[in-house]
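# Residue-level structural notes
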Amino acid sequence: MSAVEAWLDETPGETRGVVARDGRFTHLLIHREGVTAAHRLGARVVGRVTERARGMDAAFVDLGCDGPPGFLPGKAGAVGERLEFEVVAEPRESKGPTLRRLGAGEGAPRLLEPGPTIRESLAVLAPGVAPVEGAEAIRAAMEAHEEALSDRVVLADLGLDVAVQRTRALIAVDLDLAADAPRAARDRANRRGVAEAARLIGLKSWGGLVVVDLIGGAQDGETAMAAARAAFAGPQVAFGPLSRFGLLQLSLPWGRAPLEEASRAGGPALSAALAGVRALRLALLEDRAAPRLTLRLPPAAAGPAVDLMARLGPRADLRIDADLPAGAHMIVEERP
């Protein structure tokens, strides 16, 4: 049985949840304040069908909030009909949230019930595991976030290099091993590489078509598919055949917003402010002896940080530093 760990970082302005299995991060959840609640995964809403999608069996839905309309695949009601929906995929790029029809709706388009909180989501992903909070959670979230932004995993014990990149059309995974590796080593590296690719894609909250370039020419189709089904287990995952070129193909459902989009919601000034506030909160937790710690931010990030700083308590102070470059921050201890 795998060892499961969970962390909950509730920094003002942004909450992060992290799950790890056997010491490897598998999930990074981000809720940034200010993101439309009706667009959150699992939210229940009343919407009004506004138009049919051209050339598709789908419709667009007014949710009564800012941002792009909801997207309802499959048969929908007549234009103007009010229905109740659940958000099954958060917005990404220019696309609005994907909806699932629940039944008839009444009244104006609006939010009925927000989606699960990060704490509630962690309870589902890591049942029975009490999430660690405080300084340790902040450090875990920072580490998981840094790993999730990477497009490579190198496994030195196998000499395996796993590259994962997303384009507009698909997610490309390339597994690389020394050319002279024996067949048994290639098979072992393929299994481990597919598992690592699945973990990194999940950490990034990516969905869509996935193409994996396996190591070696001739592949045992059954062995490759067994490895893929074990690594990418989950509902709504569809597997295609192994191609003659050793390419493994599958399709993953979208759910949460892609990590790179969730991490920059609200713009660069807010992201810079949150990075500074999170670093200051960590410093306050680690150094309880310092009477006061000051966060220095460039002018653009200082504005969004004001309200967040007030929630850190009397030991936190904010100063504008015009000499700091955009996106940077500095923490200074102030003693009487």
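The coordinates are above.
Going along each chain's sequence as written, the residues are numbered from 1 onward. A pLDDT threshold of at least 70 governs which residues receive local features in this predicted model, and a stricter bar of 80 or more applies before side-chain atom pairs are shown or counted, although totals over entire chains, interfaces and linings include all residues. With hydrogens and water stripped out, all remaining heavy atoms of the structure feed into the side-chain values.

### Points about the overall build of the protein chain
For the record, the criterion: Elements are defined by DSSP. Helices are runs of H or I of four residues or more, strands are runs of E of two residues or more, and each kind is numbered from the N terminus. The buried label applies to any residue whose accessible area, calculated with a 1.4 Å probe on protein chains only, is under 20% of its type's maximum; exposed applies above 50%, and partly exposed to all values in between. Contact between two residues is taken to exist if any of their heavy atoms lie within 4.5 Å; hydrogens are not considered. Here, Shrake-Rupley sampling with a 1.4 Å probe gives the accessible areas, and only protein chains in the shown set may cover a residue. Under the convention used here, Asp and Glu are negative, Lys and Arg are positive, and both His and the chain ends fall outside the count. The atoms used to mark charge sites are NZ of Lys, CZ of Arg, CG of Asp and CD of Glu.
Of regular secondary structure, the protein chain possesses seven helices and 18 strands. Taken over the C-alpha atoms alone, the protein chain extends approximately 70 × 60 × 40 Å along its principal axes. In the protein chain, buried positions account for 45% of the 336 residues. Within the protein chain, contacts between residues at least 6 apart in sequence are counted, and of these 65% link residues at least 24 apart. Surface summary for the protein chain: the accessible area is close to 16,600 Å², and the carbon and sulfur share equals 53%. The positive charge centre, built from 41 side chains, and the negative charge centre, built from 44, are 3 Å apart in the protein chain.

### Focus: the sheet that holds strand β16 (residues 292–297)
Definition in use: Paired strands, as defined in this entry, are two strands with at least two bridges between them according to DSSP. Structural elements are reduced to axes, namely lines fitted to C-alpha atoms, with helices fitted over the stretch in contact, and the angle between N-to-C directions of any two is expressed from 0 to 180 degrees.
Here we have three strands laid out as an open sheet, ordered β17-β16-β18, and mixed in their pairing. In this open sheet, the two strands that pair with only one neighbour each are β17 (316–320) and β18 (330–334). Averaged over all neighbouring strand pairs, the angle between strand axes comes to 30 degrees, with direction disregarded. The pairing of β16 with β18 spans five bridges and is antiparallel.

### Description of helix α2 (residues 135–148)
The condition is simple: Helix span, as expected, comes to 1.5 Å for every residue beyond the first.
Taking 1.5 Å of rise per residue, the 14 residues of α2 would be expected to cover 20 Å, and the 20 Å separating its terminal C-alpha atoms lies within 8% of that figure. All buried positions along α2 are accounted for by Ala135, Ala137, Ile138, Ala140, Ala141, Ala144, His145 and Ala148.

### Section: the side chain of histidine 145
Summarising the element assignment, histidine 145 is placed in helix α2. Aside from chain neighbours lying at most four places away, what touches histidine 145 is Arg16, Leu28, Ile30, Leu259 and Ser263.

### Structural notes on the environment of serine 205
Note that serine 205 resides in the loop between α3 (183–204) and β13 (208–213). For the pair serine 205 and arginine 186, spaced 19 residues apart in sequence, the C-alpha to C-alpha distance is 28 Å. For serine 205, the residues in contact, after removing those within four places along its chain, are Leu28, Trp254, Arg256, Ala257, Pro258 and Leu259.

### Description of the pairing of strand β7 (residues 82–89)
In terms of strand pairing, strand β4 (residues 44–52) meets β7 through five bridges, oriented antiparallel. Note on β7: the bridge partner recorded for arginine 44 is glutamate 86. Here β7 runs beside strand β8 (residues 98–104); their pairing, made up of six bridges, is antiparallel. Looking at β8, one finds that alanine 89 is bridged to threonine 98.

### Concerning the nonpolar core
Under the convention used in this document: Among the buried residues, those of types Ala, Val, Leu, Ile, Met, Phe, Trp, Tyr and Cys that are joined through side-chain atoms within 4.5 Å form a nonpolar core.
Val164, Val173, Leu175 and Ile201 are the most contacted members of the largest nonpolar core, which has 42 residues in total. When residues of this core are assigned to their parent elements, the largest contribution, seven residues, is made by α3. Setting aside residues up to four positions removed in sequence, valine 173 forms contacts with Val162, Ala163, Val164, Ala197, Ile201, Val210, Val211, Val212 and Asp213. With 19 residues, the next largest nonpolar core counts Ala290, Leu297, Ala301 and Leu318 among its residues.

### Here we look at the packing of aromatic side chains
Short version of the rule: Pairing of aromatic rings covers Phe, Tyr and the six-membered ring of Trp, with a centre-to-centre limit of 6.5 Å; geometry is then stacked below 30 degrees between planes, edge-to-face above 60, and tilted otherwise.
For the coordinates displayed, the defined rule picks out two aromatic pairs. Ring plane angle 70 degrees and centroid distance 5.9 Å describe the contact between tryptophan 7 and phenylalanine 25, whose orientation is recorded as edge-to-face. Taken together, the residues span a long stretch of sequence, with tryptophan 7 in strand β1 (residues 4–11) and phenylalanine 25 in strand β3 (residues 24–32) at a distance of 18 residues. Side by side, tryptophan 7 and phenylalanine 25 carry an identical accessibility label, which is buried.

### Points about α3
With 22 residues, α3 ought to run about 32 Å at 1.5 Å a step, and its terminal C-alpha atoms sit 31 Å apart, in line with that. Downstream of α3 by a residue or two, serine 205 has a phi angle that is positive, lying close to 60 degrees.

### Some thoughts on the environment of leucine 259
Tracing the backbone shows leucine 259 in helix α5 (residues 259–262). Linking leucine 259 and threonine 50, residues 209 residues apart in sequence, is a C-alpha distance of 30 Å.

### Observations regarding the sheet that holds β3
Judged by pairing direction, the sheet is antiparallel, and its three strands sit side by side in the order β1-β2-β3 without closing on themselves. Two strands lie at the open edges of the sheet, namely β1 and β3, each paired on one side alone. Across the sheet, the mean angle separating the axes of adjacent strands is 10 degrees when strand polarity is ignored. Relative to β3, strand β2 (residues 14–21) is paired through eight bridges, and the arrangement is antiparallel.

### Looking at the packing of α3 against helix α4 (residues 221–231)
Rule in force here: Any angle between 65 and 115 degrees counts as roughly perpendicular, while under 35 counts as roughly parallel, over 145 as roughly antiparallel, and the rest as oblique. Left-handed is the label given to a crossing in which the near helix is rotated counterclockwise from the far helix by less than a right angle, and right-handed is the label when the rotation is clockwise. Lys, Arg, Asp and Glu make up the charged group, whereas Ala, Val, Leu, Ile, Met, Phe, Trp, Tyr, Cys and Pro make up the nonpolar group; the residues left over, Gly among them, are polar.
Where α3 contacts α4, the two axes come as close as 9 Å, and the packing angle between them is 30 degrees. With respect to α4, the axis of α3 lies roughly parallel. Where α3 crosses over α4, the handedness of that crossing is right-handed. Packed against α3, whose contacting residues are Arg191, Val194, Ala195 and Ala198, the element α4 presents Ala227, Ala228 and Ala231 at the interface. Grouping the constituent residues of the contact of α3 with α4 by class yields six nonpolar, no polar and one charged.

### Considerations on the pairing of β17
A regular strand carries its side chains on alternate faces of the sheet. Worth spelling out the cut-off: Note on handedness: a crossover is taken as right-handed if, strands pointing away from the viewer, the path from the first strand over the helix to the second is clockwise.
Pairing between β16 and β17: five bridges, direction parallel. In the sheet register, leucine 295 faces β17, and the bridge partner there is leucine 318. For the segment spanning β16, helix α7 (residues 299–310) and β17, crossover handedness is right-handed.

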